[in-house]
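Chain residues, written in single-letter form:
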Amino acid sequence: MIPTIEWQENYVRMVDQRKLPRKVEWVTCRGYKDVIRAIQNMVIRGAPAIGVAAAMGMALGARSIRVKDPQAFIKRLQDIGRRMRDARPTAVNLRWAVERMLSLAKEYADRPAQEIKERLQEESQRILNEDIESNRTMGRNGAALVPQGAVILTHCNAGALATGGYGTALGVIRAAHERHKDIRVIADETRPWLQGLRLTAYELMADGIPVSVIADNAAGSLMRQKKIDLIITGADRIAANGDVANKIGTYQVAVLARTHKIPFYVAAPVSTIDPTLPNGDQIPVEERDPREIHTLGQTQLGPPQVIALNPAFDITPSKYVSAIITEKGVIRPPYRRAIRALF
Ligand code: MRU
């Protein structure tokens, strides 16, 4: 699988996910502002991947700071952190990565600026490596939940492209496939950005995992016909009570799954859990440009004057979530207690 993001000698490059699978093109980020733009424009997307991008963006930002005084250096880095954190509001991994970078900088505040810059760059690479490692562990933990021959529905893309590598939901699917479970995957196409059709199908095909794509509105009918055995999605933020923010459309899949007695699992690293929010109502949901609904490439689909609503995420109450698969183990309801035990 192509890497999502890489640190090169003195810049960061990321594969432009808007162009996949048509073209593999790289976007070069030489400064932190380039990283913010790439996150906002969906060059890179997926909660853990934008966390890694934010960390690398902070390291790039640190390199551009010219002041030598440690207090002034940290203050400047905090400003960059604030902007980085706000690039997209829903995935908590952004804030998590920024805070981790800032606390490292503070730890080394009495060292020469050059050393802090080097430490920050190493830390961003560590965040990337740890993400891949935790996805592999999550995969092992989650594969046990996948029965032999299962047909698995997934929504959006929670794969290698959405993370440092291997994937969360797709990590579990990959691990099940590596264990010869003879699985098949059905990917919701995931309007309006088509992450399911463009990215999930592309990744799974590259790994030789059987995959079909459906229009988002076909999921319920397939469940009713008993053509889906379980559902696994990723998450952008999980509140302290287990409510899950994920790509718009996840909620309806979870409710349908409950009606049809199909397990609905969420795979996410602990860095996606926000223990500061008591429930999902407090999770900020990004509202994106209505033109993303109106257009497909350059083609205007509907009357241009019509109002389009474009919430990018929704909240699935924890009562619909059968289990949350993390790198620290699989947790089940009651989530509040189980989540507290993870920290
Ligand atoms: O808007 P996106 O493509 O960033 O949304 C991504 C998702 O909703 C993913 O399911 C989530 O970030 C988990 S990725 C491991």
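As the structure is a prediction and not an experimental result, all values here were calculated from the model.

A. Layout of the domain arrangement of the protein. What the domain assignment lists for the protein is domain 1 (5-136) and domain 2 (140-340). Inter-centroid distance (C-alpha atoms) of domain 1 to domain 2 is 25 Å. Residue-level contacts link 29 residues of domain 1 with 34 residues of domain 2. In total, domain 1 and domain 2 occlude about 2700 Å² of area from one another, counting both sides; carbon and sulfur atoms represent 53% of this.

B. Expanded view of empty space enclosed by the protein. For the structure on display, the rule yields two cavities of 30 Å³ or more. Lining the largest cavity we find 23 residues, and of these Gly 46, Ala 47, Asn 157, Asp 236 and Asn 246 sit closest to its centre. At the level of elements, helix 2 (47-63) and strand 9 (244-247) are the ones that each hand at least two residues to the lining of the largest cavity. Both domains that meet at the lining of the largest cavity, namely domain 1 (5-136) and domain 2 (140-340), each give it at least three residues. Approximately 50 Å³ is the volume found for the second largest cavity. Every residue along the wall of the second largest cavity is listed here: Met 42, Arg 88, Pro 192, Trp 193, Gln 195, Lys 247, Ile 248, Arg 288, Glu 292, Asn 310, Pro 311 and Ala 312.

The rules behind these values
Residues numbered from 1 in each chain as written. Predicted model: local features only at pLDDT ≥ 70, side-chain atom pairs only at ≥ 80, totals over all residues. Heavy atoms only, no water. Domains from an automatic or database assignment. Contact = heavy atoms within 4.5 Å. Buried area = accessible area lost by both parts, 1.4 Å probe. 1 Å grid on protein atoms, 1.4 Å probe; cavity = no way out; pocket = protein on both sides within 12 Å on 5 of 7 lines; lining within 4 Å. Points joined across faces, edges and corners; volume = space filled by probe spheres on them. Helix = DSSP H or I, 4+ residues; strand = E, 2+ residues; numbered from the N terminus.

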